[in-house]
Amino acid sequence: MLLNWTVMILYNYFSAMFVGPGYVPLGWTPEKSQDCMYLQYCKVCQSYKAPRSHHCRKCNRCVMKMDHHCPWINNCCGYQNHASFTLFLLLAPLGCIHASFIFVMTMYTQLYNRISFGWSSVKIDMSAAKRDPRPIIPFGLSAFAASLFALGLALGTTIAVGMLFIIQMKVILTNKTSIESWIEEKAKDRIQYYQTGETFIFPYDMGSKWKNFKQVFTWSGIPEGDGLDWPVRDGCHQYSLTIEQLKQKADKRVRSVRYRAIEDYSGVCCPLTKGVKTFFTTPCTEEPRIALSKGDLILATRGLKHWMYGEKILDSAADGGIRERGWFPRKCVEKCQYDSETDQPVDGEKKNR
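Residues numbered from 1 in each chain as written. Predicted model: local features only at pLDDT ≥ 70, side-chain atom pairs only at ≥ 80, totals over all residues. Heavy atoms only, no water.

Peer 1: What am I meant to see in the overall build of the protein chain here?
Peer 2: A count of helical and extended segments in the protein chain gives eight helices and 13 strands. Taking all 353 residues of the protein chain together, the buried fraction comes to 41%. Of all intrachain contacts in the protein chain linking residues separated by at least 6 positions in sequence, the fraction that spans at least 24 positions is 63%. A total of about 20,500 Å² of accessible surface is found on the protein chain, and carbon and sulfur atoms cover 60% of it. (Helix = DSSP H or I, 4+ residues; strand = E, 2+ residues; numbered from the N terminus. Buried < 20%, exposed > 50% of the residue type's maximum accessible area, 1.4 Å probe, protein only. Contact = heavy atoms within 4.5 Å. Areas by Shrake-Rupley, 256 points an atom, 1.4 Å probe, with all protein chains shown as cover.)

Right under this line is the structure:
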């Protein structure tokens with residue numbers, strides 16, 4: 001059984017790693033040229049982003065149905081390897097549970113043969129078994145320590161990887177990805193902020209958990225579709241999600257606030273020279289940090305108490321300039337006199353927009 005677990009775990013692990021998520025072809029454009037207005041354009045891949053695709057900074061490609069970039073497999077989890085990655089998250093805890101049972105029963109039976117109960121104390125003799133003079137496998141103090149350590153690893157893996165499996169199954173049963181769940185939350189926030197009265201309906205939820213499940217898991221192991229075109233529920237448009245992304249991108253520009261760097265920042269993860277609170281409250285995320293020089297202009301879009309996230313303007317053109325995104329310490333910048341990327345309207349006008 002342990003060999004079976006090992007083979008299945010490694011098979012799905014390497015499948016998720018080497019098969020990969022599937023990438024949008026370089027230079028891809030939709031069949032109908034008028035559909036380009038509903039899509040975002042990727043300057044790195046020199047192509048439009050297909051529905052449900054996102055650009056991965058680490059893979060440096062637009063990934064089809066991107067869920068996240070996983071450091072465990074050194075690859076993205078997406079359209080082609082989502083099923084293999086999820087099966088790996090299922091099989092690893094099951095194998096560890098089986099191993100944990102073996103470790104517990106081994107230590108129990110071995111210690112039971114070595115424990116002597118007296119009137120005043122309990123003694124454990126790890127040198128040899130008292131009841132079985134010929135043990136099949138010698139079990140001494142080093143073997144006990146190794147078994148206890150392995151049991152801790154197995155239980156820790158069961159809890160950690162098992163929680164990731166539950167998270168993945170929640171998004172799969174709604175036919176979403178982790179990124180799309182975040183987009184849906186931002187859609188609700190945008191509608192509530194501007195009070196537009198519109199309702200955002202996630203277009204790829206088939207209305208049935210079983211139908212959503214079959215979008216990822218198939219008997220052949222090959223997911224349905226081509227990763228570019230997706231079935232949508234009744235009443236939704238093929239580009240409903242991409243249209244919402246464009247609205248959020250425009251809203252992001254409206255809400256962004258312009259800051260100017262007043263201190264240099266090297267871009268390290270935990271800066272020692274920016275204060276103790278800044279050092280210990282560094283964002284726990286894989287998103288990059290950006291180096292700042294005094295006088296740089298940054299468009300901040302979100303932030304924490306001691307850190308901010310934004311885009312550094314590297315070119316003088318406000319709209320066409322190249323920008324570098326990442327986190328930076330809040331104490332290194334100060335807010336410009338005007339409100340955002342351009343001369344912003346007052347709050348009431350922003351609300352109406």
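Still more ground to cover, so stick around.
Peer 1: Quick question: what am I supposed to make of the confidence of the model for the protein chain here?
Peer 2: Low pLDDT means the predicted coordinates in that region are not meant to be read closely. Mean pLDDT over the protein chain: 84, with 86% of residues reaching 70 or higher. Low confidence marks residues 316-321, where pLDDT is under 50. Its contacts with residues over four positions away, or in another chain, come to five contacts. Ignoring residues within four places in sequence, the model shows residues 339-353, a span with pLDDT below 50, making 30 contacts including any to other chains. (pLDDT = per-residue confidence, 0-100.)

Peer 1: Looking at this structure, how should I read the side chain of Glu 244?
Peer 2: Structurally, Glu 244 is set in helix 6 (residues 240-255). Filtering out sequence-adjacent residues up to four positions away, Glu 244 remains in contact with Ala 187, Arg 190 and Phe 200.

Peer 1: Would you explain the side chain of Asp 205 in this entry?
Peer 2: Structurally, Asp 205 can be placed in the loop between helix 4 (178-194) and helix 5 (209-214). Here Asp 205 sits buried without a salt bridge, and the closest side chain of opposite charge, Arg 233, lies 4.3 Å off (N-O distance). Engagement of the side chain of Asp 205 in a polar contact is seen with the backbone nitrogen of Gly 207, the distance being 3.1 Å. For Asp 205, the side chain forms a polar contact with the side chain of Asn 212, separated by 2.8 Å. (Lys, Arg positive; Asp, Glu negative; His and termini not counted. Salt bridge = Lys/Arg side-chain N within 4 Å of Asp/Glu carboxyl O. Polar contact = N/O pair within 3.5 Å; in protein donor to acceptor, adjacent residues only side chain to side chain.)

Peer 1: Just to check I follow, could you spell out the packing of aromatic side chains for this structure?
Peer 2: Each aromatic ring pair is characterised by the separation of its centres together with the angle its planes make. Per the stated rule, a full pass over the model turns up 14 aromatic pairs. Here Tyr 41 and Tyr 48 contribute two aromatic rings whose centre-to-centre distance is 5.1 Å and whose plane-to-plane angle is 75°, an arrangement assigned as edge-to-face. The partly exposed category is assigned to Tyr 41, whose relative accessible area is 42%. Ring centres of Trp 210 and Phe 213 lie 5.7 Å apart, and the angle between their planes is 15°; on these two criteria the pair is classed as stacked. Here the residue Trp 210 and the residue Phe 213 both occupy positions in helix 5, the gap between them amounting to three residues, near one helical turn. Connected via pairs of aromatic rings, a cluster forms that spans Tyr 13, Phe 14, Phe 18, Trp 72 and Phe 88. Sitting over the ring of Trp 230, Arg 52 keeps its end group 4.8 Å from the ring centre. (Phe/Tyr/Trp six-rings, centres within 6.5 Å; stacked < 30°, edge-to-face > 60°. Lys NZ or Arg CZ within 6 Å of the ring centre and 35° of its normal.)

Peer 1: Which parts of the structure should I look at to understand the pairing of strand 11 (residues 307-313)?
Peer 2: Each regular strand carries side chains that alternate between the two faces of the sheet. Of all seven residues making up strand 11, seven are buried, and the element is well covered by its neighbours. Where strand 10 (residues 297-303) hands over to strand 11, the hairpin turn is made up of three residues, counted between the paired strands. (Pairing = 2+ DSSP bridges.)

Peer 1: So what exactly am I meant to see when it comes to the pattern of salt bridges here?
Peer 2: Tallying each qualifying case throughout the model produces 11 salt bridges. Residue Glu 311 is joined to Arg 253 by a salt bridge in which the shortest nitrogen-to-oxygen separation is 2.7 Å. Pair noted here: Glu 311 is in strand 11 and Arg 253 is in helix 6, with a separation of 58 residues, a long-range link. Taking the relative accessible area as the measure of exposure, Arg 253 reaches 25% and is therefore partly exposed. Close ionic contact of Lys 312 with Glu 324 constitutes a salt bridge, the shortest N to O distance being 3.9 Å. Of the two residues, Lys 312 sits in strand 11 while Glu 324 sits in strand 12 (residues 323-329), which places them 12 residues apart along the sequence. Judged by relative accessible area, Lys 312 falls into the buried class, the value being 9%. What makes Glu 324 partly exposed here is its relative accessible area of 32%. Overlapping salt bridges bring together Arg 190, Glu 198, Glu 244 and Lys 247 as one network.

Peer 1: Is there a simple way to explain helix 3 (residues 141-172) in this structure?
Peer 2: One full turn of an α-helix is made of 3.6 residues, so residues set three or four places apart face in the same direction. Along its 32 residues, helix 3 runs 46 Å from first to last C-alpha, staying within 8% of the 46 Å computed at 1.5 Å per residue. Within the sequence span of helix 3, burial applies to Ser 147, Leu 151, Ala 154, Thr 158, Val 161, Gly 162, Gln 168, Met 169, Val 171 and Ile 172. The inward-facing, buried residues of helix 3 contact strand 5 (68-70), helix 2 (82-112), helix 4 and helix 5. (Expected span 1.5 Å × (residues − 1).)

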